[in-house]
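# A closer look at the structure
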Amino acid sequence: MADDSTNEFQTGQTALIVRIPEAEPSVRRWRERFDPSAPAGVPAHITVLFPYLDESRIDASVHSALTDVLGSHPAFDLRFETCGRLPEVLYLVPEPDTQLRQLTEAIADCWPEAPPYGGRFAEIVPHLTIAQGQEDAVLEEIETDLTGRPPFNSHVSSVELMVHDGTKWQERASFALGGGSQPKRAGPGR
């Protein structure tokens, strides 16, 4: 989720993510060292939209719209078997990725002022970042470790709204897929 040009997060920045807790045993130690979002409080995840709206713009009407948009998409399952690469980035590939792309497109369609990754990339590539900004030798070491581990599945039933408070990323709300129920709000420090 880091802005590749500065590798820093801004107070009030927000993101919509899908948590992938099943990935933590395999990727935690690598992410803590090589993914700036991990020590900043972001769990293993796939980004749905970053950056999203500034926190100051997120009010009851935005929560309601997110509830409606995300609730109109069904929950789904993902499988993680392989690694992929972007320039200086190693990631786990979610399969299939169609529903993830659809979530990103639906949110971006509702808020065109918040294009995925600030509009820097033409293609949406859903991925679970493990390491970024590293040389190929480091990425190869990590990939070798991960390809020796068994594949895993994850059930995706919600999208989380994360907000950077100036120090850490905090979950502020969770929006159910395939439901349309009211978002649950996370308490401080969560």
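Let us look at unusual backbone geometry. Going from Phe50 to Pro51, the amide bond is cis rather than trans, its omega being -10°. Checked against the element boundaries, Pro51 lands in the loop between strand S2 (45-49) and helix H2 (60-71). For the bond running from Glu95 to Pro96, omega is -15°, close enough to zero to count as cis. Tracing the sequence through the fold places Pro96 in the loop between strand S4 (89-95) and helix H3 (98-110). Its identity as a non-glycine residue notwithstanding, Glu88 has a phi of 60°, on the positive side. Inspection of the secondary structure puts Glu88 in the loop between strand S3 (76-86) and S4. For Glu88, a relative accessible area of 52% corresponds to the exposed category.

So, about the side chain of Thr104. Looking at where Thr104 falls in the secondary structure, it is placed in helix H3. A polar contact of 2.7 Å, which involves the side chain of Thr104, links it to the backbone oxygen of Val48. For Thr104, the residues in contact, after removing those within four places along its chain, are Thr47, Val48, Pro116 and Ile124.

Among the 5 residues that make up S2, 5 are buried, leaving the element largely enclosed by the rest of the structure. Taken together, the 4 bridges between strand S1 (residues 14-19) and S2 define a ladder with antiparallel strand orientation. Across the sheet, the residue bridging to Leu16 is Leu49, located in S2.

Let us now look at the confidence of the model for the chain. Here the chain averages 90 in pLDDT, while 90% of its residues score no lower than 70. When the criterion is pLDDT under 50, residues 2-7 qualifies, and its contacts beyond four places in sequence or with other chains add up to 14 contacts. Contacts of residues 180-190 to residues separated by more than four positions or lying in other chains number 26 contacts, the stretch itself having pLDDT below 50.

Below, the discussion takes up the sheet that holds strand S5 (residues 128-132). With respect to topology, 4 strands assemble into an open sheet ordered S5-S4-S3-S6, the strand pairing being antiparallel. Lying at the two open borders of the sheet, with one neighbouring strand each, are S5 and strand S6 (152-156). Adjacent strand axes in the sheet meet at a mean angle of 35° when their direction is disregarded. Bridge analysis of S3 against S4 gives 6 bridges, and the strand direction is antiparallel. Counted as the bridge partner of Arg85 is Leu90 from S4. Across the sheet, helix H4 (residues 136-147) touches S3, S4 and S5, and the angle it forms with S3 is around 145°.

What follows concerns the packing of aromatic side chains. All chains considered together, the criterion is met by 6 aromatic pairs. Ring plane angle 70° and centroid distance 6.1 Å describe the contact between Phe50 and Trp169, whose orientation is recorded as edge-to-face. Highlighted residues: Phe50 in the loop between S2 and H2 and Trp169 in strand S8 (residues 169-176), separated in sequence by 119 residues. Using a relative accessible area of 3% as the deciding quantity, one classes Phe50 as buried.

This part takes up H2. Over its 12 residues, H2 extends 16 Å from the first C-alpha to the last, a length consistent with the 16 Å expected when each residue adds 1.5 Å. Within H2, burial applies to Val62, His63, Leu66, Thr67, Val69, Leu70 and Gly71.

With respect to the helices, strands and loops of the structure, Ser154 is situated in strand S6. Side-chain polar atoms of Ser154 contact the side chain of Glu22, separated by 2.7 Å. The contact partners of Ser154, leaving out residues within four places of it in the chain, are Arg19, Ile20, Glu22, Phe76, Asp77, Leu78 and Phe80.

Criteria and thresholds
- Residues numbered from 1 in each chain as written.
- Predicted model: local features only at pLDDT ≥ 70, side-chain atom pairs only at ≥ 80, totals over all residues.
- Heavy atoms only, no water.
- Helix = DSSP H or I, 4+ residues; strand = E, 2+ residues; numbered from the N terminus.
- Buried < 20%, exposed > 50% of the residue type's maximum accessible area, 1.4 Å probe, protein only.
- Polar contact = N/O pair within 3.5 Å; in protein donor to acceptor, adjacent residues only side chain to side chain.
- Contact = heavy atoms within 4.5 Å.
- Pairing = 2+ DSSP bridges.
- pLDDT = per-residue confidence, 0-100.
- Axes fitted to C-alpha atoms, helices over the stretch in contact; angles between N-to-C directions.
- Phe/Tyr/Trp six-rings, centres within 6.5 Å; stacked < 30°, edge-to-face > 60°.
- Expected span 1.5 Å × (residues − 1).

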